[in-house]
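Below, each chain spelled out in residue letters.
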Amino acid sequence: MKDQVVLASGSPRRSEILKQIGVDFRVVVSGEEESPASSNPLDFPRENAGIKALAVSRKERDAFVLGFDTLVFLDGAPLGKPKNEKNALEMLRKLNGRSHQVITGVALARNGELLRCSEEKTEVIFRNNTDQELEEYVNSRDPLDKAGAYGIQTAGARLIKAISGCYYNVVGLPVARTLQILGEEGVKV
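Presented here is a report on the structure given in the accompanying data block. As the structure is a prediction and not an experimental result, all values here were calculated from the model. (Residues numbered from 1 in each chain as written. Predicted model: local features only at pLDDT ≥ 70, side-chain atom pairs only at ≥ 80, totals over all residues. Heavy atoms only, no water.)

Here the focus is the packing of helix H3 (residues 85-95) against helix H4 (residues 131-139). Taken N-terminus to C-terminus, the directions of H3 and H4 make an angle of 140 degrees; their axes are 10 Å apart at the nearest point. The angle between the axes of H3 and H4 places the two elements in the oblique class. Crossing of H3 over H4 shows right-handed handedness. Counted together, Glu85, Ala88, Leu89, Leu92 and Arg93 of H3 and Asp131, Leu134, Glu135, Tyr137 and Val138 of H4 form the full contact between these two elements. Tallied by class, residues from the contact of H3 with H4 come to six nonpolar, no polar and four charged. (Axes fitted to C-alpha atoms, helices over the stretch in contact; angles between N-to-C directions. Helix = DSSP H or I, 4+ residues; strand = E, 2+ residues; numbered from the N terminus. Parallel < 35°, antiparallel > 145°, perpendicular 65-115°, else oblique. Left-handed = near helix turned anticlockwise from the far one by under 90°. Contact = heavy atoms within 4.5 Å. Nonpolar A, V, L, I, M, F, W, Y, C, P; charged D, E, K, R; others polar.)

Here we come to the layout of surface pockets. Empty space within the largest pocket amounts to approximately 600 Å³. Considering the residues around the largest pocket, the lining is formed by 32 residues, among which Arg14, Lys52, Asp69, Thr70 and Lys81 are closest to the centre. Listing elements by their share of the lining of the largest pocket, those giving two or more residues are helix H1 (12-20), helix H2 (44-57), strand E3 (64-74) and helix H5 (167-171). Ranked by residues supplied to the lining of the largest pocket, first place goes to E3 with four residues. Tallied by class, residues from the lining of the largest pocket come to 12 nonpolar, 11 polar and nine charged. (1 Å grid on protein atoms, 1.4 Å probe; cavity = no way out; pocket = protein on both sides within 12 Å on 5 of 7 lines; lining within 4 Å. Points joined across faces, edges and corners; volume = space filled by probe spheres on them.)

This brings us to the pattern of salt bridges. Opposite charge on two side chains allows them to pair when their charged atoms are near. For the coordinates displayed, the defined rule picks out 16 salt bridges. Asp145 is the partner of Arg13 in a salt bridge, and the nearest nitrogen-oxygen pair spans 3.6 Å. Of this pair, Arg13 sits in helix H1 while Asp145 sits in the loop between H4 and strand E7 (160-164), and the two are 132 residues apart along the sequence. Overall, Asp145 belongs to the partly exposed group, its relative accessible area being 35%. Residues joined by salt bridges that share partners form a network here, namely Arg13, Asp142, Asp145 and Lys146. (Salt bridge = Lys/Arg side-chain N within 4 Å of Asp/Glu carboxyl O. Buried < 20%, exposed > 50% of the residue type's maximum accessible area, 1.4 Å probe, protein only.)

In structure tokens form, the structure reads like this:
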């Protein structure tokens, strides 16, 4: 018999990936304010994932709750979701022709207790895109709801030269790390 799994995220991309790998789950968005305690921004994704998973696990008794948080880091500084099109273009110009890290925090909680908390890192290298290419991508409005202002799984793929690490991590749900965490806790999916 499968365990009850809850995804503490409204991200359609995360839902698609969990469905793709055959995990039976429900979605309950945490609505919890992300407020990491660490002074090191590189810890924010892991801490935020834990905050989301814990918040939902307090309401969804006996369910295994998965929380995620993805951030893009350029030179150790986090790039979240852009505020608007101008901000998206600024982010893409900074990333253009450079390497950066995508870090996704993964957390598993149950009954208000954090069981596992980890992270996955992937290096992404942007092509040397023309300013026109960047502007056309921003005008598509695709980057507005994505950390770092691009989606590797959409037209943003045109901007990328190479990746080193987990592709699914860049989308927002590192498959191998998630399955590892579920397996370590004996969760039947």
